Structures are given as structure tokens and as C-alpha cells.
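# Close look at the chain arrangement
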Amino acid sequence: MEAPGLREVVEERSNELEPVIGYFITRAGTFDRGILDETWHGLFYTKHPAFVIRPFETVLDIGAHIGAFAVYAAKKGAIVRAYEPNRENYEMLVAQANHNPDIADRYFTHSLAVTGDGRDVVMIPCADEENTGGGWTSRQDGEGTEQAGESTPSTTLDSIVSELPEVNFLKMDCEGAEYEILMQASDETIHRIEKIAMEWHGGREAFDGLRAFLKEKGFNEEWSGTDAMGNAYFWRA
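All of the points below concern the structure found in this document. (Residues numbered from 1 in each chain as written. Predicted model: local features only at pLDDT ≥ 70, side-chain atom pairs only at ≥ 80, totals over all residues. Heavy atoms only, no water.)

## Some remarks on the overall build of the chain
Along the backbone of the chain there are eight helices and 14 strands. Looking at the chain as a whole, 50% of its 237 residues are labelled buried. Considering only contacts in the chain between residues 6 or more positions apart, those separated by 24 or more positions represent 66%. In the form shown here, the chain has an accessible surface area of approximately 10,900 Å², with 50% of it arising from carbon and sulfur atoms. (Helix = DSSP H or I, 4+ residues; strand = E, 2+ residues; numbered from the N terminus. Buried < 20%, exposed > 50% of the residue type's maximum accessible area, 1.4 Å probe, protein only. Contact = heavy atoms within 4.5 Å. Areas by Shrake-Rupley, 256 points an atom, 1.4 Å probe, with all protein chains shown as cover.)

## Observations concerning the packing of aromatic side chains
Aromatic ring pairs: the centre-centre distance and the angle between the two ring planes describe each pair. In total, this model carries 13 aromatic pairs according to the counting rule given. Here the aromatic residues Phe24, Trp40, Phe44, Tyr45, Phe51, Phe69, Tyr72, Phe169, Tyr233 and Trp235 are joined through ring pairs into a cluster of three or more. Across from the ring centre of phenylalanine 108, 5.9 Å away, lies the NZ or CZ of arginine 81, which sits over that ring. (Phe/Tyr/Trp six-rings, centres within 6.5 Å; stacked < 30°, edge-to-face > 60°. Lys NZ or Arg CZ within 6 Å of the ring centre and 35° of its normal.)

## Observations concerning unusual backbone geometry
Positive phi values are uncommon outside glycine, yet leucine 43 reaches one of about 50°. Positionally, leucine 43 belongs in the loop between helix H1 (32-40) and strand E3 (58-62). Among the residues examined, leucine 43 registers a relative accessible area of 13% and is labelled buried.

## Digging into the pattern of salt bridges
This model, assessed by the stated rule, comprises 20 salt bridges. In this structure, the salt-bridge partner of aspartate 61 is lysine 171, at a minimum N-O distance of 2.8 Å. Of the two residues, aspartate 61 is situated in strand E3 and lysine 171 in strand E11 (residues 169-172); the sequence distance between them amounts to 110 residues. Take lysine 171: its relative accessible area is 4%, and that puts it in the buried class. The shortest N-O distance in the salt bridge between lysine 217 and aspartate 187 comes to 2.5 Å. Here lysine 217, found in the loop between helix H8 (204-216) and strand E13 (220-225), pairs with aspartate 187, found in helix H7 (residues 187-191); they are 30 residues apart in sequence, far enough to count as distant. We classify lysine 217 as buried; its relative accessible area is 11%. A single salt-bridge network, built from bridges that share partners, covers Arg7, Arg27, Asp32 and Glu88. (Salt bridge = Lys/Arg side-chain N within 4 Å of Asp/Glu carboxyl O.)

## So, the nonpolar core
Counting 31 residues, the largest nonpolar core has Ile53, Val59, Phe69, Tyr107 and Phe169 as the members making the most contacts within it. Other than its neighbours up to four places away in sequence, valine 59 contacts Ile53, Phe69, Ala73, Ala78, Ile79, Val80, Arg81 and Phe169. Counting residues in each nonpolar core, the second largest holds 29 residues, with Leu157, Leu170, Ile193 and Ala232 among its members. (Core = buried A, V, L, I, M, F, W, Y, C linked by side-chain atoms within 4.5 Å.)

## Digging into H1
Considered for burial, the residues of H1 that qualify are Asp32, Leu36, Thr39 and Trp40. In a view along the axis of H1, the buried residues occupy a sector of 85°, so they form one face of it. (Arc of directions from axis to C-beta.)

## Details of the sheet that holds strand E12 (residues 195-200)
Pairing is mixed in the open sheet, where seven strands are placed in the order E5-E4-E3-E11-E12-E14-E13. Bordering the open sheet on either side are strand E5 (107-110) and E13, each of which pairs with just one other strand. Strand-to-strand, the axes of this sheet are offset by a mean angle of 10°, without reference to chain direction. Note: E12 against strand E14 (residues 230-235), six bridges, orientation antiparallel. Across the sheet, residue alanine 197 finds its bridge partner in E14, namely tyrosine 233. Sitting on the sheet, helix H3 (residues 87-99) touches strand E4 (79-83) and E5, and the angle it makes with E5 is about 165°. (Pairing = 2+ DSSP bridges. Axes fitted to C-alpha atoms, helices over the stretch in contact; angles between N-to-C directions.)

Right, here's the structure in full:
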């Protein structure tokens, strides 16, 4: 059995008629390989026909983890800006470019959380050490900032989008922060986003509120999940 946390480099080939190939540092005994399989083989964020990634499009990845989606999008030719607040995940996110030198000119990483108001946050790691992507910010946990965790600065969607001409594809997997990130953004910011693919969290009541918010902003939707979490696509006609 491999020691937990042991680093290894693996090859991934996307499950498409014209596959792309990527190379990743992963940690043995964690969910890293499962997240790669979900993105590259299951096409979790791109299997909807409206969610094709094209060369030179602008892609935002909020909750980038170790770069499974960010590398995939860059391999498709998109210009990618990836945000990850967890220090160890971020180090691996940056390192993926060393194993995929063909994406270096369009793969940009940011060691930041994304919130609704740009506050500093305390990152609470998941109790399950294998779940390297399951951490969350202190306010979402409802326990305030007194919990032990790593403090990190954040930015906002308004700040990110203000520097870009448009956002063709926004991918989100941010453990419940999707609500404040989107619903506290300005109308101008939301209207510059073409499509959103996300893993949603926090229960159906919160998610239904987000659905209503995005419908009012002109998005179509397709989603699935349980009462606690699921995946969703939002796009403009």
C-alpha cells in the first residue's frame, strides 16, 4: 500500500473523440485521482452540449484544487485563471504547469479565496484527511472565525471580472461559497458571464434561491443532485 500523501505523477486522457492528455502530481491515499477521473473521464463540467471549451476563451476556475479542470481547459486552448485558497493544493496547482509546459502561456494561478466581500477568511480543512478538496471558510461553517485553520485573503467576482473583457466559462467547486460569490456580485459582472458549471452544496433551499437569482439574470439551467448537493449548468441562450 502506498503511504498516504506520497506524491506521484500520473497521466490523464480525456474521454472524448479527440482526447487531450495531461500530467498531474497527485497524493496517494487521497481523493486527488478521483477528482481527476471526474473531470477528465466523467467530463463533470463539460458534458452538457453548451459547455464546449474553445481556444482563446476566458475560463475562471474558482475552487481549482490541484488543477484538474484548469489544466483541462488550458489544454483545450482557453486562457485560464484559477483560484485556490488551500496552501498545499495551491502549491500542486502551480506545479502542474511544470508537467504540462505547453499550457504555461495561458495558465494563471492565484493563491486566493473568492468571497462576496473580499474579507480575509479562515480555511477549515475537511475532517476526512483523504478529502483534499473538502475544506470551507469559517463563515460558511457558522462557527465564526474562532476555529483553528489557515487564514487567507480573498478577492471578489467583481474584482476578477473587472480585469477581463468577458468570462466565457465559470467553473465553481467552492463548498458552499458559490452563493455569496454570485449573489453579492454586481449586475454588470453577472451579465459578462456566458456560462457557469458548478458543484453546488448547502442544501436545496439555498440552491433553489441561487437558481431563481440566475434565472432572473437570464440564464437557462440544467441540474441534478440530492437534497444536500449536486451539479448544475447555467448558460445564456
